[in-house]
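# Structure at a glance
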Amino acid sequence: NAGVTQTPKFQVLKTGQSMTLQCAQDMNHNSMYWYRQDPGMGLRLIYYSASEGTTDKGEVPNGYNVSRLNKREFSLRLESAAPSQTSVYFCASSEGGQGRYFGPGTRLTVT
Amino acid sequence: AQKITQTQPGMFVQEKEAVTLDCTYDTSDQSYGLFWYKQPSSGEMIFLIYQGSYDEQNATEGRYSLNFQKARKSANLVISASQLGDSAMYFCATGSLNFGNEKLTFGTGTRLTIIP
């Protein structure tokens, strides 16, 4: 039981490049989330998916797209990376409201 | 709308003493949860404790307890008998318990340093 996994763990991009962050969970949770964490700040929600086939914007969705590929997987795509997207990205999943389980994070640097 | 306020950017506490980390919240939800997470220097987010808005008893998990005062909109984390390994960032968060709307709102965190 791996919980929530994310790939890659580290990534460096140049401005304008694209990439996809992958997230998978093996807890059979319906809800999945993408957050970003900037220095000195708490986590801010980018997008979430309440169930397979649905996605909704969070607090800071601009510059991102998501895909809920199936119940297990929820990917985050940066189409044209900008330095302002330098951050640590966390994927999370939950079921029933009581638990929110986070992946280990992806540290992204955009130069 | 939801908001979390953590007013202590940093705290220094002697090992073995008890610690209280403050958290106040604001939410328009009738049914909500309160969460505390620990983030050590390694960066992962570790779930510590949860309190539901309808729970009358304060939640406890080992050395962690959540002092829930609904009228004051307060959800302080208490760590008993602090240890060096408790040094970390601590985040308070709130989220709706309504299905399909379970996203969390986080505070800015408190950096706790345990002094030997």
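This write-up is about the structure you can find in this document. (Residues numbered from 1 in each chain as written. Chains lettered and ligands numbered in written order. Predicted model: local features only at pLDDT ≥ 70, side-chain atom pairs only at ≥ 80, totals over all residues. Heavy atoms only, no water.)

Let us now look at the overall build of chain B. For chain B, the count of helices and strands is zero helices and 12 strands. Ordered by position from N to C terminus, the α and β elements of chain B give β-β-β-β-β-β-β-β-β-β-β-β. For chain B, the spread of C-alpha atoms along the three principal axes comes to 45 × 30 × 20 Å. Burial status across chain B gives 49% buried among its 116 residues. The contacts of chain B with a sequence gap of at least 6 include a subset with a gap of at least 24, amounting to 56%. When the accessible surface of chain B is summed, it comes to about 5500 Å², and 49% of that surface belongs to carbon and sulfur atoms. (Helix = DSSP H or I, 4+ residues; strand = E, 2+ residues; numbered from the N terminus. Buried < 20%, exposed > 50% of the residue type's maximum accessible area, 1.4 Å probe, protein only. Contact = heavy atoms within 4.5 Å. Areas by Shrake-Rupley, 256 points an atom, 1.4 Å probe, with all protein chains shown as cover.)

Attention now goes to the packing of aromatic side chains. Under the defined criterion, the tally for this structure stands at 15 aromatic pairs over all chains. Their ring planes at 45 degrees and their centres at 5.8 Å tell us that Y35 of chain A and F102 of chain A sit as a pair that is tilted. Here the residue Y35 of chain A occupies a position in strand 4 (residues 31–37), and F102 of chain A occupies one in strand 10 (residues 99–102), the gap between them amounting to 67 residues. Like Y35 of chain A, the residue F102 of chain A is buried in the burial classification. Ring-pair connections join several aromatic residues into one group, and the members of that group are Y33, Y35, Y48, F90, Y101 and F102 of chain A together with F35, Y37, F47, Y50 and F106 of chain B. Note that R63 of chain B overlies the ring of Y64 of chain B, its terminal NZ or CZ placed 5.8 Å from the centroid. Here K70 of chain B stacks its cationic end above the ring of Y54 of chain B, 4.9 Å away from the centre of that ring. (Phe/Tyr/Trp six-rings, centres within 6.5 Å; stacked < 30°, edge-to-face > 60°. Lys NZ or Arg CZ within 6 Å of the ring centre and 35° of its normal.)

Here we come to the pattern of salt bridges. All told, the structure shown has five salt bridges over all chains when counted by the stated rule. Taking the shortest distance from any N to any O, the salt bridge between E79 of chain A and R77 of chain A comes out at 3.1 Å. With a relative accessible area of 42%, E79 of chain A lands in the partly exposed category. Among the ionic pairs, K73 of chain B bridges to D26 of chain B, the shortest N-O distance being 3.1 Å. Taken together, the residues K73 of chain B in the loop between strand 8 (64–69) and strand 9 (74–79) and D26 of chain B in strand 4 (residues 24–27) connect sequence positions 47 residues apart. (Salt bridge = Lys/Arg side-chain N within 4 Å of Asp/Glu carboxyl O.)

On to the pairing of strand 5 (residues 32–39) of chain B, then. All names here are of chain B. Summarising burial for strand 5: eight of the eight residues are buried, a large majority. Going residue by residue along strand 5, you find Y32, L34, W36 and K38 tucked away on one face and G33, F35, Y37 and Q39 tucked away on the opposite face as well. For strand 5 and strand 10 (residues 88–96), the ladder comprises eight bridges, and the chain directions are antiparallel. Directly across from K38, in strand 10, lies its bridge partner Y90. Strand direction decides the pairing type here: strand 5 and strand 6 (residues 46–52), joined by six bridges, are antiparallel. (Pairing = 2+ DSSP bridges.)

Residue and element names in this part refer to chain B. Burial along strand 8 is one-sided: Y64, L66 and F68 are buried, while S65, N67 and Q69, pointing the other way, are not. Inspection of the sheet shows strand 7 (residues 60–61) paired to strand 8 by two bridges, in the antiparallel sense. Paired with T60 across the bridge in strand 8 is S65. Here strand 7 hands over to strand 8 after two residues, with G62 in that stretch at a positive phi of 60 degrees. Hairpin connection from strand 8 to strand 9: four residues lie between these consecutive antiparallel strands, with K73 at a positive phi of about 55 degrees.

What follows is about the sheet that holds strand 8 (residues 74–78) of chain A. Residue and element names in this part refer to chain A. Spatial strand order, 1-3-8-7: four strands in an open sheet with antiparallel pairing. In this open sheet, the two edge strands, each paired with only one partner strand, are strand 1 (4–7) and strand 7 (64–68). For this sheet, the mean inter-axis angle between neighbouring strands, taken without regard to orientation, is 20 degrees. In this structure, strand 1 lies alongside strand 3 (residues 19–25), joined through four bridges in antiparallel fashion. Residue pairing for strand 3: Q6 is matched across the bridge by C23. (Axes fitted to C-alpha atoms, helices over the stretch in contact; angles between N-to-C directions.)

This next bit is on the nonpolar core. One finds W36, I49, L77, Y90 and L112 of chain B to be the most contacted residues of the largest nonpolar core, which totals 24 residues. Residue contacts for L112 of chain B: discarding those within four places in its chain leaves M11, V13, V19, I79, D86, S87, A88 and Y90 of chain B. Counting 20 residues, the second-largest nonpolar core is a separate cluster that includes C23, I46, V60 and A81 of chain A. (Core = buried A, V, L, I, M, F, W, Y, C linked by side-chain atoms within 4.5 Å.)

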